[in-house]
Amino acid sequence: MSVLSAIAGIFGCNKAPKYTADDIRSFSISCNHMDFSFAYSFYIKKSENGWLFSTECFTDGKSHHTEFENCPVTNEEVEELLTIIREKDVIDSLRSYKKPKLKFHVLDETTYYSSVSFADGESIGAATVVSRNETESYFYRLAEKYADTKAESGETETNKNSNPP
């Protein structure tokens with residue numbers, strides 16, 4: 001039986017599904033940095049009632065700490081992200097990512113992570129931010145927009161004009 005399984009694998013019978021941006025149910029990127037004002041975490045997910053956005057980052061030139069969870073966003077805003085994912089081939093880039101082999105380890109190294117999950121429950125993640133400029137810019141714009149909305153409504157948002165202790 002194991003011989004049949006091996007032969008099926010050789011001929012591609014156990015191929016991973018070919019996901020598209022339309023299959024995405026969540027997408028996240030994060031950066032851990034020694035200087036907290038450069039660190040960020042962005043997460044967007046599809047719920048029964050639409051798309052929800054969560055973040056922890058510094059906006060306004062790294063001087064304004066913004067943190068909120070499950071903020072509803074419009075379908076147009078999500079379509080902008082899905083367009084980036086399609087155009088930059090983010091899913092295949094995450095799937096084929098190979099972490100570079102390093103001969104040394106830096107203790108305070110900035111680290112990145114990206115992940116995407118799909119309607120069937122599968123997910124792909126890698127220690128990188130694929131299409132970093134585009135995805136970071138997109139999420140920072142969204143965070144700035146909804147940080148103002150959260151502040152006006154009195155919901156949870158943290159304003160800090162100095163770095164945390």
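Quick caveat, the model's predicted, so the values are computed rather than measured. (Residues numbered from 1 in each chain as written. Predicted model: local features only at pLDDT ≥ 70, side-chain atom pairs only at ≥ 80, totals over all residues. Heavy atoms only, no water.)

Q: Please clarify how the overall build of the chain should be interpreted in this entry.
A: Within the chain one finds 4 helices and 6 strands. Each helix (α) and strand (β) of the chain, taken in turn from the N terminus, gives the series α-β-β-β-β-α-α-β-β-α. Expressed as a percentage of its 165 residues, the buried residues of the chain come to 35%. Looking at the chain alone, contacts between residues at least 24 apart form 60% of all its contacts between residues at least 6 apart. (Helix = DSSP H or I, 4+ residues; strand = E, 2+ residues; numbered from the N terminus. Buried < 20%, exposed > 50% of the residue type's maximum accessible area, 1.4 Å probe, protein only. Contact = heavy atoms within 4.5 Å.)

Q: So what exactly am I meant to see when it comes to the sheet that holds strand β4 (residues 64–73) here?
A: Two orientations exist for strands paired in a sheet by backbone hydrogen bonds: parallel and antiparallel. Reading across the sheet, the 6 strands line up as β4-β3-β2-β1-β5-β6 and stay open at both edges, with antiparallel pairing between neighbours. Each end of this open sheet is capped by a strand with a single partner; those strands are β4 and β6 (123–126). The mean angle between the axes of side-by-side strands here comes to 5°, regardless of whether they run parallel or antiparallel. Sheet analysis places strand β1 (residues 24–32) next to strand β5 (residues 111–118), joined by 8 bridges and oriented antiparallel. (Pairing = 2+ DSSP bridges. Axes fitted to C-alpha atoms, helices over the stretch in contact; angles between N-to-C directions.)

Q: Where do I start with the pairing of β6 in this structure?
A: Every other side chain in a regular strand lies on the same face of the sheet, so the side chains alternate between the two faces. A one-sided burial pattern is seen for β6, the buried positions being Ile-124 and Ala-126 and the unburied ones Ser-123 and Gly-125. In sequence, β5 turns back onto β6 through a hairpin of 4 residues, with Gly-121 there showing a positive phi of about 95°.

Q: So what exactly am I meant to see when it comes to the pattern of salt bridges here?
A: If charged atoms from side chains of opposite charge come close, those side chains can pair. Using the criterion set out here, one finds 8 salt bridges in the structure. Here Lys-18 and Asp-92 are joined by a salt bridge, their closest N and O atoms 2.8 Å apart. Of the two residues, Lys-18 sits in the loop between α1 (2–10) and β1 while Asp-92 sits in helix α3 (residues 90–96), which places them 74 residues apart along the sequence. On the basis of relative accessibility, which here comes to 22%, the residue Asp-92 falls in the partly exposed class. One connected set of salt bridges, linked through shared partners, spans Lys-18, Asp-92 and Arg-95. (Salt bridge = Lys/Arg side-chain N within 4 Å of Asp/Glu carboxyl O.)

Q: Help me understand the environment of Arg-95, please; the structure alone is not making it clear to me.
A: With respect to the helices and strands, the residue Arg-95 is situated in helix α3. Taking relative accessible area as the criterion, Arg-95 reaches 32% and is therefore assigned partly exposed. Taking the C-alpha atoms as reference, Arg-95 lies 9.7 Å from Ser-123; in sequence the two are 28 residues apart.

Q: Would you mind showing me how to read unusual backbone geometry here?
A: Most peptide bonds adopt trans geometry, and most residues besides glycine take a negative phi value. Residue Asp-89 is not a glycine yet carries a positive backbone phi of 50°. Note that Asp-89 resides in the loop between α2 (75–87) and α3. Overall, the relative accessible area of 39% leaves Asp-89 in the partly exposed class. One non-glycine residue with positive phi stands out, namely Ser-131, at about 55°. Mapped onto the elements of the fold, Ser-131 is located in the loop between β6 and α4 (132–153). For Ser-131, a relative accessible area of 17% puts it in the buried group.

Q: How should the packing of aromatic side chains be read in this particular structure?
A: Within a pair of aromatic rings, the relevant descriptors are the distance that separates the centres and the angle that separates the planes. Following the criterion strictly, the structure yields 10 aromatic pairs and no others. The interplanar angle of 15° and the centroid separation of 6.2 Å between the aromatic rings of Phe-27 and Phe-139 together place this pair among those described as stacked. On the criterion of sequence distance, the pair formed by Phe-27 in strand β1 and Phe-139 in helix α4 is long-range, its members being 112 residues apart. The pair Phe-27 / Phe-139 is uniform in exposure class, with both members buried. (Phe/Tyr/Trp six-rings, centres within 6.5 Å; stacked < 30°, edge-to-face > 60°.)

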